[in-house]
Amino acid sequence: MDIRFQSDRTPADVELAAYARRCLLLRLKHRDDRVDHVDVELVDAAGRLPQRDSYCIVRMKLHGLPAATVVDVGADVHFAIDRAAHRAGRLAEEQVRQADSPQLPQTEAAAT
């Protein structure tokens, strides 16, 4: 599974990238054969000030399905990564379920 990582944070980038990768691999392991790529971006909304919100943005592309984006905001970047990975896993399951379910034929309205 191709997971790409971007961040505007500096010292913890390697640790955060590894953490985000582990979370996404855990959540997407049942659909890893359908995943083209996942882009993870961490944004610190307040620059380098403590006690401010951080954004975890997960962009996911599954084979033959439209790209999807999940955004989570939180004061703790680890919790934001956890929640975004969980939501990305649920979204992937829903996209695959909808793509694999047979389409119901359109029925004509009965004229009365």
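Note that the structure is a prediction, hence the values are computed from the model and not measured.

**Q** Go over the overall build of the chain, please, and point to the residues and values.
**A** Within the chain one finds two helices and four strands. Taken from the N to the C terminus, the helices and strands of the chain come in the order β-α-β-β-β-α. Per-residue burial over the chain gives 31% buried out of 112 residues. Here the contacts in the chain between residues at least 6 apart in sequence split such that 53% fall between residues at least 24 apart. Total accessible area on the chain stands at roughly 7,200 Å², and carbon and sulfur atoms take up 53% of it.

**Q** How would you summarise the nonpolar core if you had to cite specific residues and measurements?
**A** Core analysis: the biggest nonpolar cluster contains 25 residues, and Leu24, Val38, Cys56, Val58 and Ile81 have the highest contact counts within it. Counting only elements with at least two residues in this core, the list comes to helix H1 (13–28), strand S2 (35–44), strand S3 (54–62) and helix H2 (77–100). The element that contributes the greatest number of residues to this core is H2, accounting for eight residues. In contact with Cys56, other than residues within four places in its own chain, are Val40, Glu41, Leu42, Val70, Val71, Asp72, Ala80, Ile81 and Ala84.

**Q** Quick rundown of H2? Include the residues and the values.
**A** End to end, H2 covers 34 Å across 24 residues, agreeing with the expected 34 Å (1.5 Å per residue, within 8%). For H2, the complete set of buried residues consists of Val77, Ala80, Ile81, Ala84, Ala85, Ala88, Gly89, Ala92, Gln95 and Val96. Put simply, Asp76 is the residue that caps the front of H2, since its side-chain oxygen is 2.7 Å from the backbone nitrogen of His78.

**Q** I'd like a description of the pattern of salt bridges, backed by residues and values.
**A** A complete count under the given rule lists eight salt bridges for this structure. With a closest N to O distance of 3.4 Å, Glu93 and Arg31 form a salt bridge. Placement of Glu93 in helix H2 and of Arg31 in the loop between H1 and S2 is noted, with a sequence separation of 62 residues between them. Under the relative-accessibility criterion, Arg31 is labelled partly exposed at 24%. Arg87 is paired through a salt bridge with Asp72; the nearest N and O atoms lie 3.7 Å apart. Of this pair, Arg87 sits in helix H2 while Asp72 is found in strand S4 (residues 68–74), placing the two residues 15 residues apart along the sequence. In this structure Arg87 comes out as partly exposed when scored by relative accessible area, which is 35%.

**Q** Give me the lowdown on the sheet that holds strand S1 (residues 3–7), citing residues and values where you can.
**A** Pairing in this open sheet of four strands is mixed, and the strands run S1-S2-S3-S4 from one edge to the other. Both outer strands of the open sheet, S1 and S4, are each paired with one neighbouring strand and no more. Strand-to-strand twist in this sheet, taken as the mean axis angle between neighbours without regard to direction, amounts to 15°. Here S3 pairs with S4 via seven bridges, running antiparallel. From the neighbouring strand, Met60 faces S4, where its bridge partner is Ala68. Along the sheet face, H1 touches S1, S2 and S3 and points at about 140° away from the line of S1. On top of the sheet, H2 reaches S2, S3 and S4; it is set at about 155° to S4, its chief contact.

Rules of the game
- Residues numbered from 1 in each chain as written.
- Predicted model: local features only at pLDDT ≥ 70, side-chain atom pairs only at ≥ 80, totals over all residues.
- Heavy atoms only, no water.
- Helix = DSSP H or I, 4+ residues; strand = E, 2+ residues; numbered from the N terminus.
- Buried < 20%, exposed > 50% of the residue type's maximum accessible area, 1.4 Å probe, protein only.
- Contact = heavy atoms within 4.5 Å.
- Areas by Shrake-Rupley, 256 points an atom, 1.4 Å probe, with all protein chains shown as cover.
- Core = buried A, V, L, I, M, F, W, Y, C linked by side-chain atoms within 4.5 Å.
- Expected span 1.5 Å × (residues − 1).
- Polar contact = N/O pair within 3.5 Å; in protein donor to acceptor, adjacent residues only side chain to side chain.
- Salt bridge = Lys/Arg side-chain N within 4 Å of Asp/Glu carboxyl O.
- Pairing = 2+ DSSP bridges.
- Axes fitted to C-alpha atoms, helices over the stretch in contact; angles between N-to-C directions.

Keep in mind these numbers describe shape, not what the thing actually does.
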